[in-house]
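Each chain, letter by letter, is given below.
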Amino acid sequence: MELSKDRVLPITGKVQHYAWGGFYYLPKLLNIPVKKGETYAEFWLGTHERGASELKNGSETPVSLKDYVHAFPEQTLGAKASGLFGRLPFLLKILDVKDMLSIQVHPTKENAQIAFDLENERGIDITSGERNFKDNNHKPELMLALSEFWLLHGFKTPKLLQNVLRDVPELHFLVPIFGGDNYRKLYQHVMEMPQIQVDRHLKTLVERNIVHYHAGKLNKDKEDFWAARAAITYSQNDHIDRGILSIYFFNLLHLQPGQAVYQDAGLPHAYLEGQNVEIMSNSDNVLRGGLTPKHIDVPELMKHVKFDPTIPSIITGKPADSIRTVYQTPAPDFELSRLQIARGESIKLTSRSIEIFLMFTGSVEVSEKAENPFKRNKGEAWVSFDKAVSEIKALEDTTIYQASIPGIV
């Protein structure tokens, strides 16, 4: 592999066809044909093993961005980021959530390394459905709504949760278990409850909700709506998914386009419906807690959940200048910015470490030091390596999402 003289290059991403994805949103964004019956859930830009981007390194044969960064870390990441991370530390995604995702938490970096090594020692294949840790990294994440977006986000405050347990007749049995603030005891009880008890406690609640759901009497800002949809989607073999209980335990958020939330290690959450742009640490480690046919390891899950109330903090972004809005988080691995450039305007950028750009709307011409310009349209992307100087000229009104590493100077 040869080092390219170009430091600003077009890249392609990877579509993930998970069952919960939609049929049309991503194909329309990416200008790709729709295959009948195929779901299009996520679009990845980055270097993760399960979907690395590709670039053209002066040849007709695409080159894996992961392999290129690995071969030339200082030329791509720069000396500081190469020393801190040793690889591209973030993963940029677009999600189209048609069906609700599993309730999940992500590990801390330290715990991910320990558990990943332990599963390797046990000889669990990296592709096994029984495996919890696919890599050794943490996975804090920021999601920015591109449409109206509904999600579950951390435990309700004690008062709110206590009210729910009292207001829903089928949940009364949990009031003494919660005791006003014992999140661990409550969650452990429902996660370890025998399936026959889950079915017995939730049967009338689920039946009532489904009747109201089909009659159009429930709205999306109420837990009952999502509990009904979860029962229809995930209950199998006459058994009720215990994840339905968590819908009542967690904050139900309804975000508008342009609003974002940050989700750190240990915070339980689930995406319910909508489209978003998501940036996270370069990891695919997920510990599930329900609303899924996939593997659930309750003892391992309990090790990583933060049993504290969450008061949701909605991030609206801070204008850095007339073009850029920055969505800041505590994560050292990533930062998301939105660039809005009017037709005919140009901006000049100097990359601090590696940066990835995704066209959300519009059309631009990108050039490095006014040389070798290339065009990028909606749904297309490019990468800019450390210290690259580039110019972006908007051929029409354009919105771009930029993924970068904060604090690199």
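Small disclaimer: the values here were computed from a predicted structure and weren't measured. Note on numbering: residues in each chain are counted from 1, in written sequence order. Selection of residues for local features in this predicted model requires a pLDDT of at least 70, selection of side-chain atom pairs for listing and counting requires 80 or more, and totals for whole chains, interfaces and linings are taken over all residues. Excluded from the side-chain calculation are hydrogens and water; included are all heavy atoms of the structure.

K.L.:
Whenever I open this one, the overall build of the chain confuses me. Can you help?
P.N.:
Comment: elements are numbered from the N terminus, with helices defined as DSSP H or I runs of at least four residues and strands as E runs of at least two. Each helix and strand counted, the chain has 12 helices and 23 strands in total. Compactness check: the chain gives a C-alpha radius of gyration of 22 Å against a globular reference of 22 Å for 409 residues, within 12% of the reference. Counting only C-alpha atoms, the chain reaches 70 × 50 × 40 Å along its principal axes. Buried residues are those whose accessible area, probed at 1.4 Å on protein chains only, stays under 20% of the maximum for their type, while exposed residues exceed 50% and partly exposed ones sit between those limits. Within the chain, buried positions represent 55% of all 409 residues. Radius of gyration here is computed from C-alpha atoms only, and the compact-globule reference equals 2.2 Å multiplied by the residue count raised to the power 0.38.

K.L.:
Explain a nonpolar patch on the surface to me, please; I cannot follow it from the model alone.
P.N.:
Residues enter patches when they are more than 30% accessible in relative terms and free of salt bridges; like-charged ones are connected within 9 Å and nonpolar ones (Val, Leu, Ile, Met, Phe, Trp, Tyr) within 5 Å. Working definition of accessibility: Shrake-Rupley area with a 1.4 Å probe, residue cover restricted to the visible protein chains. Definition used for salt bridges: Asp or Glu carboxyl oxygen within 4 Å of a side-chain nitrogen of Lys or Arg. Together, Phe23, Tyr24 and Val34 line one region of the surface with nonpolar side chains, adding up to about 310 Å² of accessible area. You can see Phe23 is positioned in the loop between strand S2 (14-16) and helix H1 (25-30).

K.L.:
Which parts of the structure should I look at to understand the sheet that holds strand S17 (residues 346-350)?
P.N.:
Either a parallel or an antiparallel arrangement is found when strands of a sheet pair, and the pairing is made through backbone hydrogen bonds. The strand order across the open sheet built from 4 strands is S17-S22-S19-S20, with neighbouring strands paired in antiparallel fashion. Edge positions in the open sheet fall to S17 and strand S20 (371-377), since each of these has one partner strand only. Looking at each pair of strands side by side, their axes are set apart by 20° on average, direction ignored. Sheet analysis places S17 next to strand S22 (residues 389-394), joined by 5 bridges and oriented antiparallel. Counted as the bridge partner of Ile347 is Ile392 from S22. The rule for pairing is simple: two strands pair if DSSP sees at least two bridges between them. Under this scheme, a helix contributes an axis fitted over its contacting stretch, all axes are lines through C-alpha atoms, and angles between N-to-C directions fall in the 0 to 180 degree range.

K.L.:
Would you mind going over the layout of surface pockets with me for this structure?
P.N.:
Here the idea is plain: a probe the size of a water molecule rolls over the atoms and shows the empty space left. In this analysis a 1.4 Å probe is tested at points of a 1 Å grid over the protein atoms alone, and where it fits but cannot get out there is a cavity; an open set with protein on both sides within 12 Å along at least five of seven lines is a pocket; lining residues have an atom within 4 Å of a point. Grid points are joined across faces, edges and corners, and a volume is the space filled by probe spheres set on the points. Approximately 960 Å³ is the volume found for the largest pocket. Lining the largest pocket we find 45 residues, and of these Tyr18, Arg50, Asp284, Arg288 and Lys294 sit closest to its centre. Of all the elements in the fold, those that place two or more residues in the lining of the largest pocket are strand S3 (42-45), strand S6 (90-97), helix H10 (223-234), strand S12 (269-281) and strand S13 (287-288). Polar here means any residue outside two lists: the nonpolar Ala, Val, Leu, Ile, Met, Phe, Trp, Tyr, Cys and Pro, and the charged Asp, Glu, Lys and Arg; Gly therefore counts as polar. Residues of the lining of the largest pocket, tallied by class, amount to 16 nonpolar, 13 polar and 16 charged. Volume-wise, the second largest pocket comes out at about 520 Å³.

K.L.:
Looking at this structure, I do not really get the environment of Ser64. What am I missing?
P.N.:
Looking at where Ser64 falls in the secondary structure, it is placed in strand S5 (residues 62-64). We call two residues in contact whenever any of their non-hydrogen atoms come within 4.5 Å of each other. Not counting residues within four places of it along the chain, the set of residues in contact with Ser64 comprises Ala52, Ser53 and Glu54. Counted as a polar contact is a pair of N or O atoms within 3.5 Å, where, for protein atoms, one must be capable of donating a hydrogen and the other of accepting one, and residues adjacent in sequence contribute only when both atoms are in side chains. A distance of 3.2 Å separates a polar atom in the side chain of Ser64 from the backbone nitrogen of Lys66.

K.L.:
Looking at this structure, how should I read the pairing of strand S8 (residues 141-145)?
P.N.:
Within a regular strand, side chains alternate between the sheet's two faces. With 5 of its 5 residues buried, S8 lies for the most part within the structure. Both faces of S8 are covered, namely the face carrying Glu141, Met143 and Ala145 and the face carrying Leu142 and Leu144. When S8 meets S12, the two strands line up antiparallel, connected through 5 bridges. Across the sheet, Glu141 pairs through a bridge with Met280, a residue of S12.

K.L.:
Looking at this structure, I do not really get the packing of aromatic side chains. What am I missing?
P.N.:
Pairs of aromatic rings are described using the distance from one ring centre to the other and the angle between the two planes. Classification of ring pairs uses Phe, Tyr and Trp, with its six-membered ring standing for Trp, and accepts pairs whose centres are within 6.5 Å; under 30 degrees between planes counts as stacked, over 60 as edge-to-face, and the remaining range as tilted. Scanning all chains against the criterion turns up 17 aromatic pairs. With centroids separated by 5.0 Å and ring planes inclined at 80°, the aromatic side chains of Phe155 and Phe250 adopt a geometry described as edge-to-face. Residue Phe155 is found in strand S9 (residues 149-155), and its partner Phe250 is found in strand S10 (residues 250-255); the two are separated by 95 residues along the sequence. Judged on exposure class, the residue Phe155 and its partner Phe250 are both buried. The interplanar angle of 50° and the centroid separation of 5.1 Å between the aromatic rings of Tyr213 and Phe225 together place this pair among those described as tilted. Pair noted here: Tyr213 is in helix H9 (residues 195-214) and Phe225 is in helix H10, with a separation of 12 residues, a long-range link. Its relative accessible area of 23% is what places Tyr213 among the partly exposed residues. On the basis of relative accessibility, which here comes to 8%, the residue Phe225 falls in the buried class.

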